[in-house]
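# Reading the structure
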Amino acid sequence: MNHDVYISLGSNLGNRKAYLQQAIEGIAMRVGTIVDIAPIYETPSWGFSGEAFLNTCLLCRTFLSPEQVLMQLLQIEHELGRERMPHSKGYQSRTIDLDILFYDDEVIHTDRLTIPHPLLQHRKFVLKPLANIDDLKVHPVLKKTVAQLLRTTDDTSPVQRLSDQLSFPAQKSPFLNYKYIAIEGNIGSGKTTLATKIAEDFNAKLILEQFSDNPFLPKFYENPKQYGFTLEMSFLTERYQQMREQLAQTDLFKEFVVSDYDIFKSLIFSKVTLTDDEFVLYRKLFYILYSQIIKPDLYVFLYQNTDRLIENIKKRGREYEQNISPDYLKKIHYGYLDFIQKNAAINSLIIDVTDLDFVQHYTHYEYIIEKIREN
(Lines give C-alpha, C1' and ligand atoms only; values in the text may rest on other atoms or scores of the structure.)
Protein backbone atom coordinates (compact mmCIF):
# COMPACT_ATOMS: atom_id res chain seq x y z
CA MET A 1 0.00 0.00 0.00
CA ASN A 2 1.30 3.45 -0.89
CA HIS A 3 1.50 6.18 1.75
CA ASP A 4 1.82 9.94 1.42
CA VAL A 5 4.73 11.34 3.42
CA TYR A 6 5.41 15.08 3.63
CA ILE A 7 9.07 15.92 4.19
CA SER A 8 10.71 19.28 4.97
CA LEU A 9 14.21 20.04 3.68
CA GLY A 10 16.61 22.73 4.85
CA SER A 11 20.26 23.73 4.37
CA ASN A 12 22.43 26.63 5.58
CA LEU A 13 25.96 25.42 4.83
CA GLY A 14 27.93 25.29 1.59
CA ASN A 15 26.05 25.12 -1.71
CA ARG A 16 22.61 25.11 -0.12
CA LYS A 17 20.57 24.56 -3.27
CA ALA A 18 22.85 21.72 -4.36
CA TYR A 19 22.36 19.96 -1.01
CA LEU A 20 18.58 20.29 -1.35
CA GLN A 21 18.69 18.84 -4.85
CA GLN A 22 20.94 15.95 -3.80
CA ALA A 23 18.59 15.19 -0.91
CA ILE A 24 15.64 15.08 -3.32
CA GLU A 25 17.54 12.66 -5.54
CA GLY A 26 18.29 10.49 -2.51
CA ILE A 27 14.66 10.49 -1.37
CA ALA A 28 13.51 9.45 -4.85
CA MET A 29 16.02 6.60 -4.85
CA ARG A 30 15.51 5.34 -1.30
CA VAL A 31 12.03 6.35 -0.14
CA GLY A 32 9.61 6.56 -3.04
CA THR A 33 8.14 8.57 -5.90
CA ILE A 34 8.33 12.35 -5.65
CA VAL A 35 4.83 13.71 -6.30
CA ASP A 36 5.37 17.44 -5.69
CA ILE A 37 8.14 19.84 -4.68
CA ALA A 38 7.50 23.27 -3.17
CA PRO A 39 9.37 26.44 -4.18
CA ILE A 40 12.55 27.41 -2.32
CA TYR A 41 12.27 29.89 0.55
CA GLU A 42 15.12 31.70 2.28
CA THR A 43 14.70 32.27 6.00
CA PRO A 44 16.83 33.33 8.97
CA SER A 45 18.25 30.54 11.12
CA TRP A 46 15.64 29.43 13.66
CA GLY A 47 16.50 28.80 17.31
CA PHE A 48 20.17 29.75 17.01
CA SER A 49 22.53 32.27 15.41
CA GLY A 50 23.76 31.11 12.02
CA GLU A 51 23.65 31.60 8.25
CA ALA A 52 20.29 31.88 6.50
CA PHE A 53 18.55 28.68 5.43
CA LEU A 54 17.12 27.57 2.15
CA ASN A 55 13.96 25.58 2.89
CA THR A 56 11.41 23.60 0.93
CA CYS A 57 8.99 20.70 1.32
CA LEU A 58 8.05 17.76 -0.83
CA LEU A 59 5.35 15.11 -1.06
CA CYS A 60 6.60 11.57 -1.56
CA ARG A 61 4.56 8.43 -2.19
CA THR A 62 6.10 5.42 -0.47
CA PHE A 63 5.39 1.87 0.63
CA LEU A 64 7.90 2.17 3.49
CA SER A 65 6.77 2.39 7.11
CA PRO A 66 7.35 5.66 9.04
CA GLU A 67 10.32 4.07 10.83
CA GLN A 68 11.81 2.93 7.53
CA VAL A 69 11.37 6.40 6.04
CA LEU A 70 13.17 7.87 9.06
CA MET A 71 16.10 5.47 8.68
CA GLN A 72 16.46 6.34 4.99
CA LEU A 73 16.36 10.10 5.70
CA LEU A 74 19.02 9.77 8.40
CA GLN A 75 21.21 7.85 5.97
CA ILE A 76 20.79 10.55 3.32
CA GLU A 77 21.70 13.23 5.87
CA HIS A 78 24.80 11.28 6.87
CA GLU A 79 25.94 10.86 3.27
CA LEU A 80 25.50 14.61 2.69
CA GLY A 81 27.71 15.48 5.63
CA ARG A 82 25.13 16.11 8.35
CA GLU A 83 26.32 15.36 11.87
CA ARG A 84 23.41 15.25 14.30
CA MET A 85 24.37 16.55 17.75
CA PRO A 86 22.71 15.73 21.08
CA HIS A 87 19.74 18.01 21.83
CA SER A 88 21.60 19.41 24.84
CA LYS A 89 23.95 21.22 22.43
CA GLY A 90 21.03 22.99 20.77
CA TYR A 91 20.49 23.79 17.10
CA GLN A 92 23.48 24.13 14.78
CA SER A 93 24.22 24.88 11.16
CA ARG A 94 23.89 21.90 8.85
CA THR A 95 24.42 20.85 5.26
CA ILE A 96 21.00 19.22 5.16
CA ASP A 97 18.08 18.77 7.51
CA LEU A 98 15.27 16.33 6.68
CA ASP A 99 12.15 15.99 8.81
CA ILE A 100 8.95 13.98 8.43
CA LEU A 101 6.00 16.35 8.79
CA PHE A 102 3.03 14.07 8.03
CA TYR A 103 2.66 10.39 7.18
CA ASP A 104 -0.86 9.98 5.80
CA ASP A 105 -3.05 11.00 8.74
CA GLU A 106 -1.21 8.90 11.30
CA VAL A 107 -0.35 10.03 14.82
CA ILE A 108 2.84 8.38 16.10
CA HIS A 109 4.76 8.80 19.35
CA THR A 110 7.85 6.64 19.87
CA ASP A 111 11.28 7.20 21.39
CA ARG A 112 12.67 8.00 17.94
CA LEU A 113 9.76 9.43 16.03
CA THR A 114 6.87 11.85 16.53
CA ILE A 115 4.38 12.39 13.71
CA PRO A 116 3.03 14.94 12.94
CA HIS A 117 6.21 16.89 13.56
CA PRO A 118 5.67 18.49 16.99
CA LEU A 119 6.97 21.96 15.98
CA LEU A 120 5.62 22.40 12.46
CA GLN A 121 2.82 24.78 13.58
CA HIS A 122 5.50 27.06 15.10
CA ARG A 123 7.71 27.19 12.01
CA LYS A 124 6.78 29.52 9.18
CA PHE A 125 9.72 28.21 7.13
CA VAL A 126 7.96 24.83 7.16
CA LEU A 127 4.36 25.99 6.81
CA LYS A 128 5.01 28.32 3.89
CA PRO A 129 6.40 25.71 1.46
CA LEU A 130 4.03 23.09 2.86
CA ALA A 131 1.09 25.32 1.97
CA ASN A 132 2.34 25.41 -1.62
CA ILE A 133 1.97 21.65 -1.79
CA ASP A 134 -1.32 21.20 0.07
CA ASP A 135 -2.77 24.10 2.04
CA LEU A 136 -5.92 22.04 2.75
CA LYS A 137 -4.02 19.21 4.42
CA VAL A 138 -5.50 18.79 7.91
CA HIS A 139 -3.28 18.35 10.94
CA PRO A 140 -4.62 15.11 12.49
CA VAL A 141 -4.07 16.34 16.06
CA LEU A 142 -4.78 20.07 15.87
CA LYS A 143 -7.64 19.57 13.37
CA LYS A 144 -6.61 22.65 11.41
CA THR A 145 -5.55 22.95 7.79
CA VAL A 146 -2.03 23.98 6.84
CA ALA A 147 -3.46 27.29 5.61
CA GLN A 148 -5.06 27.90 9.01
CA LEU A 149 -1.84 26.99 10.84
CA LEU A 150 0.11 29.40 8.63
CA ARG A 151 -2.30 32.25 9.39
CA THR A 152 -2.19 31.66 13.15
CA THR A 153 1.45 30.66 13.70
CA ASP A 154 3.38 32.52 16.39
CA ASP A 155 6.50 32.56 14.17
CA THR A 156 7.02 36.09 12.82
CA SER A 157 10.28 35.39 11.00
CA PRO A 158 10.57 36.82 7.45
CA VAL A 159 10.24 34.20 4.70
CA GLN A 160 11.34 35.12 1.18
CA ARG A 161 10.42 33.03 -1.84
CA LEU A 162 13.25 32.64 -4.35
CA SER A 163 12.97 32.37 -8.11
CA ASP A 164 15.31 29.35 -8.17
CA GLN A 165 13.62 26.01 -8.81
CA LEU A 166 14.45 22.50 -7.69
CA SER A 167 14.21 19.72 -10.28
CA PHE A 168 12.21 16.54 -10.14
CA PRO A 169 14.60 13.57 -10.15
CA ALA A 170 14.90 11.49 -13.27
CA GLN A 171 13.14 8.36 -12.05
CA LYS A 172 13.82 6.05 -14.96
CA SER A 173 11.62 3.02 -14.85
CA PRO A 174 13.33 -0.38 -15.07
CA PHE A 175 10.35 -1.53 -17.14
CA LEU A 176 10.69 0.84 -20.11
CA ASN A 177 11.46 -2.02 -22.50
CA TYR A 178 8.45 -4.10 -21.51
CA LYS A 179 4.78 -3.87 -22.40
CA TYR A 180 3.70 -6.95 -20.46
CA ILE A 181 5.44 -8.67 -17.53
CA ALA A 182 4.24 -11.88 -15.87
CA ILE A 183 5.31 -12.62 -12.28
CA GLU A 184 5.14 -16.36 -11.66
CA GLY A 185 6.04 -18.80 -8.92
CA ASN A 186 4.84 -21.72 -6.86
CA ILE A 187 1.94 -21.53 -4.41
CA GLY A 188 2.91 -19.09 -1.63
CA SER A 189 5.95 -17.64 -3.42
CA GLY A 190 4.76 -14.02 -3.17
CA LYS A 191 3.95 -13.39 -6.83
CA THR A 192 0.69 -11.52 -6.14
CA THR A 193 2.34 -9.28 -3.55
CA LEU A 194 5.26 -8.45 -5.85
CA ALA A 195 3.05 -7.80 -8.88
CA THR A 196 0.85 -5.48 -6.82
CA LYS A 197 3.84 -3.52 -5.46
CA ILE A 198 5.32 -3.12 -8.94
CA ALA A 199 2.00 -1.89 -10.32
CA GLU A 200 1.67 0.68 -7.54
CA ASP A 201 5.24 1.94 -7.70
CA PHE A 202 5.72 2.04 -11.48
CA ASN A 203 2.23 2.98 -12.73
CA ALA A 204 1.34 -0.35 -14.32
CA LYS A 205 -1.99 -1.94 -15.14
CA LEU A 206 -2.41 -4.86 -12.72
CA ILE A 207 -3.95 -8.21 -13.67
CA LEU A 208 -4.51 -10.54 -10.72
CA GLU A 209 -5.64 -14.12 -11.07
CA GLN A 210 -9.28 -14.49 -10.06
CA PHE A 211 -9.22 -17.77 -8.20
CA SER A 212 -10.66 -17.06 -4.77
CA ASP A 213 -14.26 -17.62 -5.91
CA ASN A 214 -13.58 -20.88 -7.76
CA PRO A 215 -15.99 -23.42 -6.17
CA PHE A 216 -13.93 -26.41 -7.30
CA LEU A 217 -10.69 -25.47 -5.53
CA PRO A 218 -11.64 -26.54 -1.97
CA LYS A 219 -13.21 -29.71 -3.39
CA PHE A 220 -10.04 -30.48 -5.34
CA TYR A 221 -7.83 -30.28 -2.24
CA GLU A 222 -10.20 -32.72 -0.52
CA ASN A 223 -10.48 -35.12 -3.47
CA PRO A 224 -7.88 -34.43 -6.21
CA LYS A 225 -8.74 -37.43 -8.41
CA GLN A 226 -12.44 -36.66 -8.62
CA TYR A 227 -12.20 -32.91 -9.16
CA GLY A 228 -8.86 -32.55 -10.93
CA PHE A 229 -10.10 -32.31 -14.52
CA THR A 230 -13.07 -30.11 -13.60
CA LEU A 231 -10.83 -27.75 -11.66
CA GLU A 232 -8.19 -27.44 -14.37
CA MET A 233 -10.78 -26.83 -17.10
CA SER A 234 -12.41 -24.21 -14.90
CA PHE A 235 -9.08 -22.46 -14.32
CA LEU A 236 -8.17 -22.60 -18.00
CA THR A 237 -11.39 -21.02 -19.22
CA GLU A 238 -11.28 -18.33 -16.53
CA ARG A 239 -7.63 -17.46 -17.22
CA TYR A 240 -8.20 -17.43 -20.98
CA GLN A 241 -11.22 -15.14 -20.72
CA GLN A 242 -9.51 -12.78 -18.29
CA MET A 243 -6.29 -12.50 -20.29
CA ARG A 244 -8.11 -12.06 -23.61
CA GLU A 245 -10.16 -9.22 -22.16
CA GLN A 246 -7.52 -7.48 -20.02
CA LEU A 247 -4.65 -7.59 -22.51
CA ALA A 248 -6.90 -6.32 -25.30
CA GLN A 249 -7.93 -3.26 -23.28
CA THR A 250 -5.36 -0.49 -23.61
CA ASP A 251 -4.98 1.87 -20.66
CA LEU A 252 -3.46 5.11 -21.90
CA PHE A 253 -2.65 6.22 -18.37
CA LYS A 254 -0.53 3.16 -17.49
CA GLU A 255 3.06 2.50 -18.53
CA PHE A 256 2.82 -1.29 -18.96
CA VAL A 257 0.93 -4.40 -17.78
CA VAL A 258 2.00 -6.66 -14.92
CA SER A 259 0.19 -9.85 -13.92
CA ASP A 260 0.65 -12.34 -11.11
CA TYR A 261 0.38 -15.31 -13.46
CA ASP A 262 0.91 -16.51 -17.01
CA ILE A 263 -1.71 -18.73 -18.60
CA PHE A 264 0.91 -21.45 -19.23
CA LYS A 265 0.64 -22.30 -15.53
CA SER A 266 -2.56 -24.13 -16.47
CA LEU A 267 -0.54 -26.74 -18.34
CA ILE A 268 2.06 -26.95 -15.56
CA PHE A 269 -0.50 -27.63 -12.84
CA SER A 270 -2.64 -29.93 -14.98
CA LYS A 271 0.33 -32.19 -15.73
CA VAL A 272 0.69 -32.78 -11.97
CA THR A 273 -3.03 -32.95 -11.27
CA LEU A 274 -4.49 -35.05 -14.09
CA THR A 275 -4.16 -38.66 -15.15
CA ASP A 276 -2.22 -39.37 -18.33
CA ASP A 277 -5.39 -39.78 -20.45
CA GLU A 278 -6.94 -36.61 -19.02
CA PHE A 279 -3.76 -34.64 -19.62
CA VAL A 280 -3.57 -35.67 -23.30
CA LEU A 281 -7.07 -34.26 -23.89
CA TYR A 282 -6.43 -31.20 -21.76
CA ARG A 283 -3.21 -30.38 -23.58
CA LYS A 284 -4.97 -30.34 -26.96
CA LEU A 285 -7.56 -27.89 -25.68
CA PHE A 286 -4.92 -25.79 -23.95
CA TYR A 287 -2.77 -25.15 -27.02
CA ILE A 288 -5.80 -24.11 -29.07
CA LEU A 289 -6.46 -21.34 -26.53
CA TYR A 290 -2.80 -20.60 -25.79
CA SER A 291 -2.13 -19.70 -29.43
CA GLN A 292 -4.60 -16.80 -29.13
CA ILE A 293 -3.06 -15.22 -26.00
CA ILE A 294 -0.47 -12.41 -25.98
CA LYS A 295 2.79 -13.69 -24.47
CA PRO A 296 4.71 -11.70 -21.82
CA ASP A 297 7.82 -9.73 -22.80
CA LEU A 298 9.38 -10.81 -19.50
CA TYR A 299 8.60 -13.91 -17.48
CA VAL A 300 9.81 -13.56 -13.86
CA PHE A 301 9.86 -16.74 -11.80
CA LEU A 302 10.15 -16.38 -8.02
CA TYR A 303 11.88 -19.37 -6.49
CA GLN A 304 11.37 -20.33 -2.86
CA ASN A 305 12.30 -23.63 -1.26
CA THR A 306 9.54 -25.97 -0.14
CA ASP A 307 9.87 -25.27 3.59
CA ARG A 308 9.47 -21.53 3.01
CA LEU A 309 6.47 -22.11 0.72
CA ILE A 310 4.71 -24.20 3.38
CA GLU A 311 5.48 -21.53 5.97
CA ASN A 312 3.98 -18.83 3.75
CA ILE A 313 0.91 -20.94 2.99
CA LYS A 314 0.25 -21.46 6.69
CA LYS A 315 0.80 -17.78 7.39
CA ARG A 316 -1.81 -16.57 4.89
CA GLY A 317 -4.30 -19.00 6.39
CA ARG A 318 -6.44 -20.20 3.50
CA GLU A 319 -8.14 -23.22 4.98
CA TYR A 320 -8.35 -25.23 1.76
CA GLU A 321 -4.55 -24.88 1.23
CA GLN A 322 -3.41 -26.16 4.60
CA ASN A 323 -3.16 -29.80 3.51
CA ILE A 324 -1.02 -29.17 0.44
CA SER A 325 1.83 -31.68 0.55
CA PRO A 326 5.53 -30.87 0.07
CA ASP A 327 5.60 -33.48 -2.71
CA TYR A 328 2.87 -31.62 -4.62
CA LEU A 329 4.78 -28.33 -4.31
CA LYS A 330 7.98 -29.98 -5.55
CA LYS A 331 6.20 -31.35 -8.62
CA ILE A 332 4.81 -27.92 -9.42
CA HIS A 333 8.28 -26.42 -8.99
CA TYR A 334 9.87 -28.86 -11.42
CA GLY A 335 7.02 -28.23 -13.83
CA TYR A 336 7.88 -24.54 -13.90
CA LEU A 337 11.59 -25.21 -14.40
CA ASP A 338 10.81 -27.65 -17.20
CA PHE A 339 8.68 -25.01 -18.92
CA ILE A 340 11.44 -22.38 -18.64
CA GLN A 341 14.13 -24.76 -19.92
CA LYS A 342 12.07 -25.94 -22.90
CA ASN A 343 10.94 -22.48 -23.95
CA ALA A 344 14.22 -20.70 -24.59
CA ALA A 345 12.50 -18.14 -26.82
CA ILE A 346 10.70 -16.72 -23.78
CA ASN A 347 12.61 -13.97 -21.95
CA SER A 348 12.77 -15.60 -18.51
CA LEU A 349 14.31 -14.43 -15.25
CA ILE A 350 14.60 -16.68 -12.18
CA ILE A 351 15.02 -14.85 -8.85
CA ASP A 352 15.70 -16.76 -5.63
CA VAL A 353 13.55 -15.05 -2.96
CA THR A 354 13.88 -17.76 -0.31
CA ASP A 355 15.82 -15.48 2.05
CA LEU A 356 14.13 -12.23 1.00
CA ASP A 357 11.24 -10.37 2.59
CA PHE A 358 10.45 -7.68 0.04
CA VAL A 359 7.43 -6.47 2.02
CA GLN A 360 9.27 -5.63 5.23
CA HIS A 361 12.68 -4.77 3.78
CA TYR A 362 13.00 -2.14 1.08
CA THR A 363 16.52 -3.27 0.15
CA HIS A 364 15.17 -6.75 -0.69
CA TYR A 365 12.53 -5.22 -2.96
CA GLU A 366 15.20 -2.95 -4.48
CA TYR A 367 17.33 -6.04 -5.16
CA ILE A 368 14.50 -7.66 -7.14
CA ILE A 369 13.83 -4.50 -9.14
CA GLU A 370 17.53 -4.19 -9.93
CA LYS A 371 17.59 -7.81 -11.16
CA ILE A 372 14.77 -6.94 -13.55
CA ARG A 373 16.56 -3.76 -14.63
CA GLU A 374 19.73 -5.74 -15.42
CA ASN A 375 17.90 -8.42 -17.39
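The model shown is predicted, which means the values in this text are computed figures rather than measured ones.

## Here's the deal with the pairing of strand E13 (residues 348-352)
Only one face of E13 is buried, namely the one carrying Leu349 and Ile351, since none of Ser348, Ile350 and Asp352 on the opposite face is buried. As paired elements, strand E12 (residues 298-303) and E13 share five bridges and run parallel to each other. Across the sheet, the residue bridging to Tyr303 is Asp352, located in E13.

## A look at the domain arrangement of the protein
Assigned domains within the protein: domain 1 (3-168) and domain 2 (180-374). The distance between the C-alpha centroids of domain 1 and domain 2 comes to 43 Å. Counting residues at the interface gives six residues for domain 1, matched by seven residues for domain 2. With both chains or domains summed, domain 1 and domain 2 bury close to 550 Å², and 49% of this area falls on carbon and sulfur atoms.

## A few points about the pattern of salt bridges
In this structure the tally under the stated criterion is 14 salt bridges. For Glu79, the salt bridge goes to Arg30, with nearest N and O atoms at 2.6 Å. Within this pair, whereas Glu79 is found in helix H2 (residues 66-79), its partner Arg30 is found in helix H1 (residues 16-30), the two being separated by 49 residues in sequence. The partner of Glu370 in a salt bridge is Arg373, with the nearest N and O atoms 3.2 Å apart. Here Arg373 and Glu370 lie together in helix H12 (residues 362-374), a separation of three residues that amounts to about one turn. Sharing partners across several salt bridges, the network here consists of Glu77, Arg82, Arg94 and Asp97.

## Some thoughts on the packing of helix H7 (residues 224-248) against helix H9 (residues 276-290)
Interaxial distance between H7 and H9 falls to 11 Å at its minimum, and their mutual angle equals 5°. Taken together, H7 and H9 sit at an angle that is classed as roughly parallel. Residue-level inspection shows Phe229, Glu232, Met233, Leu236 and Tyr240 of H7 in contact with H9, the latter providing Glu278, Leu281, Tyr282, Leu285, Phe286 and Leu289. By residue class, the composition of the contact of H7 with H9 is nine nonpolar, no polar and two charged.

## Quick look at the nonpolar core
Grouped together as the largest cluster of nonpolar side chains are 55 residues, with contacts concentrated most on Ile27 and Ile198. When residues of this core are assigned to domains, at least three map to each of domain 1 (3-168) and domain 2 (180-374). Within the second largest apolar cluster, 39 residues are counted, among which are Tyr180, Phe220, Phe264 and Leu267.

## A short note on the packing of helix H5 (residues 191-201) against H12
One can describe the packing of H5 onto H12 by two numbers: an axis separation of 12 Å at closest approach and a directional angle of 80°. The orientation of H5 with respect to H12, classified from their angle, is roughly perpendicular. Across from Leu194, Lys197, Ile198 and Asp201 in H5, the residues of H12 making contact are Tyr365, Ile368, Ile369 and Ile372. Residue composition of the contact of H5 with H12, by class: six nonpolar, no polar and two charged.

## Here we look at a nonpolar patch on the surface
Taken together, the side chains of Val107, Val141 and Leu142 present a nonpolar region at the surface, about 230 Å² in accessible area. Structurally, Leu142 can be placed in the loop between helix H3 (124-134) and helix H4 (146-152).

## Details of the pairing of strand E4 (residues 53-62)
Across the 10 residues that make up E4, a large majority, nine, are buried. Note that strand E2 (residues 33-37) and E4 share four bridges and pair antiparallel. Looking at the pairing, Ile34 lines up with Cys60 of E4. Note that strand E3 (residues 41-43) and E4 share three bridges and pair antiparallel. Residue pairing in the sheet places Tyr41 in a bridge with Asn55 of E4.

## Brief notes about H1
Since one α-helical turn is 3.6 residues long, residues separated by three or four positions face the same way. With 15 residues, H1 extends 21 Å from end C-alpha to end C-alpha; this agrees with the ideal 21 Å at 1.5 Å per step. The inward-facing, buried residues of H1 contact strand E1 (3-11), E2, E4, H2 and strand E5 (97-103).

## Quick notes on the sheet that holds strand E10 (residues 205-207)
In space, the five strands of this open sheet follow the order E10-E11-E9-E12-E13, with parallel pairing throughout. Looking at strand neighbours, the two that pair on one side only are E10 and E13, the edges of this open sheet. Neighbouring strand axes in the sheet, compared pairwise and without regard to direction, differ in orientation by 20° on average. Where E10 meets strand E11 (residues 257-259), three bridges bridge the pair, whose relative direction is parallel. If you follow Leu206 over to E11, its bridge partner there is Val258. Here H7 sits on the sheet in contact with strand E9 (180-185), E10 and E11, set at roughly 175° to E10. In the packing of H12 onto the sheet, the strands contacted are E12 and E13, and the crossing angle to E13 comes to about 155°.

Analysis parameters
Residues numbered from 1 in each chain as written. Predicted model: local features only at pLDDT ≥ 70, side-chain atom pairs only at ≥ 80, totals over all residues. Heavy atoms only, no water. Buried < 20%, exposed > 50% of the residue type's maximum accessible area, 1.4 Å probe, protein only. Helix = DSSP H or I, 4+ residues; strand = E, 2+ residues; numbered from the N terminus. Pairing = 2+ DSSP bridges. Domains from an automatic or database assignment. Contact = heavy atoms within 4.5 Å. Buried area = accessible area lost by both parts, 1.4 Å probe. Salt bridge = Lys/Arg side-chain N within 4 Å of Asp/Glu carboxyl O. Axes fitted to C-alpha atoms, helices over the stretch in contact; angles between N-to-C directions. Parallel < 35°, antiparallel > 145°, perpendicular 65-115°, else oblique. Nonpolar A, V, L, I, M, F, W, Y, C, P; charged D, E, K, R; others polar. Core = buried A, V, L, I, M, F, W, Y, C linked by side-chain atoms within 4.5 Å. Patch = residues over 30% accessible without salt bridge, like charges linked within 9 Å, V, L, I, M, F, W, Y side chains within 5 Å. Areas by Shrake-Rupley, 256 points an atom, 1.4 Å probe, with all protein chains shown as cover. Expected span 1.5 Å × (residues − 1).

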